[in-house]
Amino acid sequence: MRTQRRVFEKLSKEKIELKSEKIELANIKDFKAKNKTFEKSIQNFTTDIVDIVNSREAARKKYTNLANDFSVLDKEYQGLRKAVMDLGVNMPEKIESTYKIALRLMESSNKDYKELVK
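An account of the accompanying structure is given in this report.

Quick notes on the rules
- Residues numbered from 1 in each chain as written.
- Predicted model: local features only at pLDDT ≥ 70, side-chain atom pairs only at ≥ 80, totals over all residues.
- Heavy atoms only, no water.
- Helix = DSSP H or I, 4+ residues; strand = E, 2+ residues; numbered from the N terminus.
- Expected span 1.5 Å × (residues − 1).
- Buried < 20%, exposed > 50% of the residue type's maximum accessible area, 1.4 Å probe, protein only.
- Salt bridge = Lys/Arg side-chain N within 4 Å of Asp/Glu carboxyl O.
- Phe/Tyr/Trp six-rings, centres within 6.5 Å; stacked < 30°, edge-to-face > 60°.

It is worth spelling out helix 2 (residues 93-116) at this point. The end-to-end C-alpha distance of helix 2 is 34 Å, a good match for the 34 Å that 24 residues give at a rise of 1.5 Å each. Within helix 2, burial applies to Y99, A102 and M106.

Bringing the pattern of salt bridges into the picture now. As enumerated under the stated definition, the model contains two salt bridges in all. One salt bridge in this structure joins E57 and R60, with 4.0 Å as the shortest N-O distance. Note that E57 and R60 are positioned in helix 1 (residues 2-87) at a spacing of three residues, about one turn of the helix. You can call E57 partly exposed: its relative accessible area is 37%. Among the residues examined, R60 registers a relative accessible area of 30% and is labelled partly exposed.

Here we take up the packing of aromatic side chains. In the structure shown here, the tally under the stated rule is three aromatic pairs. Ring centres 4.0 Å apart and planes at 5° place the aromatic pair Y63 and Y113 in the stacked group. In this pair, Y63 sits in helix 1 while Y113 sits in helix 2, placing the two residues 50 residues apart along the sequence. For Y113, a relative accessible area of 21% corresponds to the partly exposed category. Ring plane angle 5° and centroid distance 3.7 Å describe the contact between Y77 and Y99, whose orientation is recorded as stacked. With Y77 in helix 1 and Y99 in helix 2, the pair connects residues that are 22 residues apart, well separated along the chain. Taken individually, Y77 and Y99 each receive the classification buried, so the pair is uniform in this respect. Three or more aromatic residues joined by ring pairs form one cluster here, namely F70, Y77 and Y99.

And the structure:
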């Protein structure tokens, strides 16, 4: 009987130790799973940041082209306006309204660009 009790005591201790190791393994497994989720989040965030930086750079280039195109349009309009005034006639209304729309669009684009580069 005594031997049997010692065997059970010894088995009981080993069972507790095994449970403890099982819990530690479960904790490690949970940690690894959470770390994998975190790494995926970091990767997604980094990808978004790279996309934003690339988009900003593309927008800067497009804005530069837009500003250059407007400068050419404005120069053309000013030359046309001077020629019309020299002739003593009125600027065609269609030209005047088209230029005003372009001017408003450029002003709006300037505001948007300033927001982008803050």
